[in-house]
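Chain residues, written in single-letter form:
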Amino acid sequence: MDHKRKADDSEGGDKEPVDTPSSDAIVVKRSRSDAEGAIVESKPTSGAIIAAPPGRTSSLKAPIMLLTGHKAEVNTVRFSPSGEFLASAGGDREIFFWNTYGECINYMVLTGHTASILELGWSGDGTKIATASADKTVGIWDVERGMRIKKCREHTSFVNSCSVTRRGTALVASASDDTTARVWDPRMKLSAQTFSHNYPLTSVTWSDAGDMLFTGGLDNIVRAWDMRKGDVVHSFVGHDDTITGLRVSHDGSYLLSNAMDHTVRVWDVRPYAPIDRQLKVFTGCHHGVERSLLRCAWSKDGERVAAGSSDQFVHVWDTTSRRLLYKLPGHAGSVNDVDFHPKEPIIVSCSSDRTIYLGELAA
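In this text, all values refer to a predicted model and were calculated from it rather than measured experimentally.

(A) Representation of the pairing of strand 5 (residues 94–99) within the structure. In terms of burial, strand 5 is a largely internal element, six of the six residues being buried. Burial along strand 5 is two-sided: Glu-94, Phe-96 and Trp-98 facing one way and Ile-95, Phe-97 and Asn-99 facing the other are all buried. Bridging between strand 4 (residues 85–90) and strand 5 involves five bridges; their strand directions are antiparallel. When the bridges of strand 5 are listed, Phe-85 appears paired with Asn-99. Once strand 4 ends, the chain turns through three residues before running back antiparallel as strand 5, passing Arg-93 with a positive phi of about 70°. Linkage of strand 5 to strand 6 (residues 106–111), two consecutive antiparallel strands, is achieved through a turn of six residues, within which Gly-102 is found at a positive phi near 65°.

Pasting the structure below:
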């Protein structure tokens, strides 16, 4: 899938599988050296979210905050479950951690991957993240200790996507160009389950309860796998090109998909839904000739959805009316990932232009 994104596919020498904190996972902390992209040592805040200033809808220091520091395209960005922090990663193979509030200080950087990081996800309790990389590995990281605790090495090609269960043990799912999706338990040496497909996979996400796994890839079909049976229980047909992003709504009832056919779709994933599970189709976003893996996101209340786009805009729609609410400018390159804050009307986006924007939305 070299045509889908830029990736440094160079690999280091052979290493033994790592199931304990690895020595090549490096935490970088240093004092501010310049105004742009500086990395500053910072301590987590108490977790209290202050009241929004008069006339404002969020507690951001300013309605728009620009975060810089990455040295290559930023492929993925996600808020922590508490909303206090966010993590980003991309072509520079580094994972940046930022404070959401105040000066949005970049307080920690983790390294260890040897090629571009394509997606990351937080555990439900905010103590761990997982990363998917073009170096053919999945990383599981302890955020509180600032170290990698597991390096998953069974994939034989680029790992395009990863997702972490929302509750209970932080199980990690991954999707790869090698046509498999795998499930990883940090307590086990090898993968716990493997789901084989006929085509490369580009996106994966868990159901809210963690009892189903959704996968999408080059055959344009989204599949729902029953974790107990290990079989496909639903196939969602409608997209006309490669699936690039999958996210389940916060209440677990609906699945959002982004695809290279320039559409974003909503699917009903409730147990007793009608046979035709496609509910909504949103248009307006674009996938360019670079064919990047552009992701999508739900707001906490399910009333808005957003998607990345190659036209350099962040697209936000009203879920009920399908009306385009926002077409947010600012980036100078493809918008690769978006995420909504879990508690406030804030959206974050990252781009191939190496920047991250935090933006305040209307309440």
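(B) Seen up close, the sheet that holds strand 27 (residues 335–340). Taken together, the four strands give an open sheet; going across it, the order is 2-29-28-27, and neighbouring strands pair in antiparallel fashion. The sheet terminates laterally at strand 2 (64–67) and strand 27, the two strands that pair on one side only. For this sheet, the mean angle separating the axes of adjacent strands, direction not counted, is 15°. Where strand 27 and strand 28 (residues 346–351) come together, five bridges link them in antiparallel fashion. From the neighbouring strand, Val-335 faces strand 28, where its bridge partner is Ser-351.

(C) Quick peek at the sheet that holds strand 22 (residues 278–283). The sheet built from four strands is open, its strands ordered 19-20-21-22 with antiparallel pairing. The outermost strands of the open sheet, each flanked by one partner alone, are strand 19 (243–248) and strand 22. Pairs of neighbouring strands in the sheet enclose a mean axial angle of 20°, with direction left out of account. Across five bridges, strand 19 lies against strand 20 (residues 254–259) in antiparallel orientation. Following the sheet pairing, Val-248 is matched in strand 20 by Leu-255.

About the cut-offs
- Residues numbered from 1 in each chain as written.
- Predicted model: local features only at pLDDT ≥ 70, side-chain atom pairs only at ≥ 80, totals over all residues.
- Heavy atoms only, no water.
- Buried < 20%, exposed > 50% of the residue type's maximum accessible area, 1.4 Å probe, protein only.
- Helix = DSSP H or I, 4+ residues; strand = E, 2+ residues; numbered from the N terminus.
- Pairing = 2+ DSSP bridges.
- Axes fitted to C-alpha atoms, helices over the stretch in contact; angles between N-to-C directions.

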